[in-house]
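Geometric and topological summary
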Amino acid sequence: MGLLRSLLLGRPDGLRAGQRRRFGGGATAAAPPPVSPVVAAPAPAEAALGLKPEPPRGVTPPDGFEVVLHKDALKPGKVTEIIVGGTAIAVANADGAFHACTNVCPHAGGPLGEGFLDGDCVECPWHGWRYNVKTGERPENPEIKVDRYEVHIEGDTIKILLP
Ligand code: FES
């Protein structure tokens, strides 16, 4: 049985065991690292490389609000996506004014936070539908809207009111 197990699963300290630990599969996999239930931030290494902004640390938001980003992490004309409490939210900096809306495009579920910001409108990267980040409305058809979140700026932090 030991030989069969070794052939199928590899050595306990071997390459396959390491891959199982890293990707979370198999009986010998280590428990995944704890994830904050409040803000699941991008990995610090990604933030250090400038790939994704990292939320500020050591800030206590008022009731209902979550600190999501440092103001400097989102330059004017940019939009990004964040995950707060398991909800994907698109945060946009429209000429210095911060806005937040659902990250899910009503057309077919495209990730708005991965789209582009043109003035006050975020453009979905999948098929180009646009939504005004100040109103949530689609300019071409205002009956189609995305849900917006209340944003507060305190110091250098961007805070979002969760429902
Ligand atoms: S999914 Fe957004 S435009 Fe199609």
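1. Details of the overall build of the protein chain
The helix and strand tally for the protein chain stands at three helices and 13 strands. Put simply, the protein chain has 163 residues, and 26% of those count as buried.

2. Brief notes about the sheet that holds strand β13 (residues 157-161)
Taken in spatial order, the three strands of this open sheet run β2-β13-β12, and their pairing is antiparallel. Each end of this open sheet is capped by a strand with a single partner; those strands are β2 (65-70) and β12 (151-154). The average angle at which neighbouring strand axes cross in this sheet is 30°, direction not considered. Pairing analysis gives five bridges linking β2 to β13, with the strands arranged antiparallel.

3. Some details on the environment of G155
Secondary-structure assignment places G155 in the loop between β12 and β13. Residue classification places G155 among the exposed residues on the basis of 9 C-beta atoms within 10 Å. Note: C-alpha distance between G155 and H70 (85 residues apart in sequence) is 9.1 Å.

4. Section: the nonpolar core
Of all hydrophobic cores here, the largest spans 29 residues; its most connected members are V68, I89, A90, V91, A92, C101 and V122. Contributions of two or more residues to this core are made by β2, β3 (78-84), β4 (87-94), β5 (97-102), β7 (121-123) and β13. The biggest single contributor to this core is β4, with five residues. In contact with V122, not counting residues within four places along its chain, are V79, A90, A92, L112, G115, L117, R130, Y131 and V133.

5. Things to note about the confidence of the model for the protein chain
Low pLDDT marks stretches whose predicted atomic positions should not be read closely. On average, residues of the protein chain score 79 in pLDDT, and 63% of them are at 70 or above. Low confidence marks residues 25-44, where pLDDT is under 50. Its contacts with residues over four positions away, or in another chain, come to 25 contacts.

6. So, the sheet that holds β7
One open sheet holds the three strands; their spatial order is β6-β7-β8, and the pairing between them is antiparallel. If you trace the sheet from one side to the other, it starts and ends with β6 (116-118) and β8 (130-132), each paired once. The sheet shows a mean angle of 30° between the axes of neighbouring strands, direction not considered. As paired elements, β6 and β7 share three bridges and run antiparallel to each other. If you follow L117 over to β7, its bridge partner there is V122.

7. Observations regarding the pairing of β4
Taken across its eight residues, β4 has six buried, putting it largely inside the fold. Both β3 and β4 contribute to a ladder of seven bridges, which runs antiparallel. What sits directly across from V84, in β4, is T87. Linking β3 back to β4 in an antiparallel pair, the connection comprises two residues, with G85 at a positive phi of about 55°. Hairpin connection of β4 to β5: two residues between the antiparallel strands, including D95 at a positive phi of 55°.

8. Section: unusual backbone geometry
In this model, D95 sits at a positive phi of 55°, which is unusual for a non-glycine residue. Its location among the elements puts D95 in the loop between β4 and β5. On the neighbour-count criterion, D95 (9 C-beta atoms within 10 Å) is exposed.

Calculation rules
- Residues numbered from 1 in each chain as written.
- Predicted model: local features only at pLDDT ≥ 70, side-chain atom pairs only at ≥ 80, totals over all residues.
- Helix = DSSP H or I, 4+ residues; strand = E, 2+ residues; numbered from the N terminus.
- Buried ≥ 20, exposed ≤ 12 C-beta atoms within 10 Å, placed from the backbone.
- Pairing = 2+ DSSP bridges.
- Axes fitted to C-alpha atoms, helices over the stretch in contact; angles between N-to-C directions.
- Core = buried A, V, L, I, M, F, W, Y, C linked by C-beta atoms within 7 Å.
- Contact = placed C-beta atoms within 7 Å.
- pLDDT = per-residue confidence, 0-100.

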